[in-house]
Amino acid sequence: MIYIIDHNDSFTHNVVHQFENFDDVMCDNHNEINENKLKKTNVIVFSPGPGAPKDYPRSSNIYKRFKGKKKMIGICLGFQQILHCEKGKIIQQKKIYHGYQSKIKVTSENSLFTKNSKFKVGRYHSLKLKEPFAAKNFEITMRCDISNVAMAIENNKEKIYGFQFHPESFLTENGNLLIKKILSA
């Protein structure tokens, strides 16, 4: 069972539809978390959303409570939420990417995905991770092919994954494959 935490984003229902291809999905607003559902789930997904990770303290609390206990996936704001909880600094980018397609590259041998693979992905964000970034068991595994901005993180030991881009977007090639591979890991 997959529990999606909605951060008030219009893309959340697209995320729900994508994940329904793989398992039963429950979705609640970040201010209306159902503790019973949360405890029963195998996977927690932090959805995209407006604002910054600091605007969602309940999501940060959920991440900290279940880190290492349940598989977790962050998408866009959810990616930033994970990084924020791991002491990463999230900053404004010079260029805003809303409805923008970029080519990204897998940069790590430790990724679930083949190193040097390239994907076209849909981006909808104005914030990014400030580097350098270091957190135990985390690795930046995908980067924008042009700007080198972090586009994905993986912590295969504690089963935590994140995408700065939107795998559910029509602008993302192979979005379902990306999610399927993480859910199968």
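For the structure itself, consult the block above.
The rules behind these values
Residues numbered from 1 in each chain as written. Predicted model: local features only at pLDDT ≥ 70, side-chain atom pairs only at ≥ 80, totals over all residues. Heavy atoms only, no water. Helix = DSSP H or I, 4+ residues; strand = E, 2+ residues; numbered from the N terminus. Rg over C-alpha atoms; globule rule 2.2 N^0.38 Å. Buried < 20%, exposed > 50% of the residue type's maximum accessible area, 1.4 Å probe, protein only. Contact = heavy atoms within 4.5 Å. Areas by Shrake-Rupley, 256 points an atom, 1.4 Å probe, with all protein chains shown as cover. Lys, Arg positive; Asp, Glu negative; His and termini not counted. Charge placed at Lys NZ, Arg CZ, Asp CG, Glu CD. Salt bridge = Lys/Arg side-chain N within 4 Å of Asp/Glu carboxyl O. Pairing = 2+ DSSP bridges. Axes fitted to C-alpha atoms, helices over the stretch in contact; angles between N-to-C directions. Polar contact = N/O pair within 3.5 Å; in protein donor to acceptor, adjacent residues only side chain to side chain. Phe/Tyr/Trp six-rings, centres within 6.5 Å; stacked < 30°, edge-to-face > 60°. Arc of directions from axis to C-beta.

Novice: Sorry, what's going on with the overall build of the protein chain here?
Specialist: In terms of helices and strands, the protein chain carries 5 helices and 9 strands. Secondary structure elements of the protein chain, listed N to C terminal, follow the sequence β-α-β-α-β-α-β-α-β-β-β-β-β-α. Whereas a compact globule of 185 residues would reach a radius of gyration of roughly 16 Å, the protein chain reaches 15 Å, a difference of no more than 12%. A burial count over the protein chain gives 54% of its 185 residues as buried. Of the contacts formed within the protein chain by residues at least 6 apart in sequence, a portion of 66% connects residues at least 24 apart. A total of about 8700 Å² of accessible surface is found on the protein chain, and carbon and sulfur atoms cover 46% of it. If the 29 positive side-chain charges of the protein chain are averaged to one point and the 18 negative ones to another, these points end up 7 Å apart.

Novice: Help me understand helix α4 (residues 77–85) in this model?
Specialist: Each full turn of the α-helix corresponds to 3.6 residues, which orients residues three or four apart in the same direction. Taking burial as the measure, the 9 residues of α4 include 8 buried ones, the bulk of the element. Listed as buried for α4 are Leu77, Gly78, Phe79, Gln80, Gln81, Ile82, Leu83 and Cys85. Two residues or fewer after α4 comes Lys87, characterised by a positive phi angle close to 70°.

Novice: I keep staring at the pattern of salt bridges and nothing clicks. Help me out?
Specialist: Oppositely charged side chains may form a pair once their charged atoms are brought near each other. With the rule as written, the count across this model stands at 6 salt bridges. Where Asp28 meets Lys37, a salt bridge forms, and the shortest distance between an N and an O atom there is 3.4 Å. For Asp28, a relative accessible area of 16% gives the class buried. Assessed through its relative accessible area of 27%, Lys37 is described here as partly exposed. Of the charged contacts in the structure, one is a salt bridge between Lys67 and Glu86, with a shortest N-O distance of 2.8 Å. Of this pair, Lys67 sits in the loop between α3 (57–66) and β4 (71–75) while Glu86 sits in the loop between α4 and β5 (89–106); the two residues are 19 residues apart in sequence, bridging distant segments of the chain. Here Glu86 falls in the buried class, since its relative accessible area comes to 12%.

Novice: Sorry, what's going on with the environment of Met26 here?
Specialist: Within the secondary structure, Met26 sits in strand β2 (residues 25–29). On the basis of relative accessibility, which here comes to 16%, the residue Met26 falls in the buried class. Counting along the chain gives 24 residues from Met26 to Ile2, while the straight-line C-alpha distance between them is 6.2 Å. Leave out the neighbours within four places in its chain, and Met26 touches Met1, Ile2, Tyr3, Ile4, Lys37 and Thr41.

Novice: What am I meant to see in the sheet that holds strand β7 (residues 139–144) here?
Specialist: The strands that make up a sheet pair up through hydrogen bonds in the backbone, lying either parallel or antiparallel. Spatially, 9 strands are ordered β2-β1-β3-β4-β9-β8-β7-β5-β6 in an open sheet, and the strand pairing comes out mixed. Lying at the two open borders of the sheet, with one neighbouring strand each, are β2 and β6 (118–130). Taking the axes of each pair of neighbouring strands and ignoring which way they run, one obtains an average angle of 20° across the sheet. Both strand β1 (residues 2–6) and strand β3 (residues 43–46) contribute to a ladder of 4 bridges, which runs parallel. By the bridge assignment for β3, Ile2 is matched with Val43. Lying on the sheet, α3 is in contact with β1, β3, β4 and β9 (160–163); it crosses β3 at an angle near 150°.

Novice: Quick question: what am I supposed to make of the side chain of Asp9 here?
Specialist: Its location among the elements puts Asp9 in the loop between β1 and α1 (12–19). Although Asp9 is buried, it forms no salt bridge, and the closest oppositely charged side chain is Arg123 at an N-O distance of 15 Å. From its side chain, Asp9 meets the backbone nitrogen of Phe11 in a polar contact 2.9 Å long.

Novice: What is the right way to look at the packing of aromatic side chains in this model?
Specialist: All chains considered together, the criterion is met by 5 aromatic pairs. Measuring from ring centre to ring centre gives 6.4 Å for Phe113 and Phe119, while their planes differ by 85°; the resulting arrangement is edge-to-face. Residue Phe113 shares its accessibility class with Phe119, and that shared class is buried.

Novice: Hey, could you run me through helix α5 (residues 175–184) in this one?
Specialist: Every buried residue of α5 is accounted for by Gly175, Leu178, Ile179 and Ile182. Angular distribution of buried residues about the axis of α5 spans 90°; they occupy a single face of the element.

Novice: Honestly, the environment of His13 in this entry has me stumped. Any pointers?
Specialist: Within the secondary structure, His13 sits in helix α1. Judged by its relative accessible area of 48%, His13 falls in the partly exposed class.

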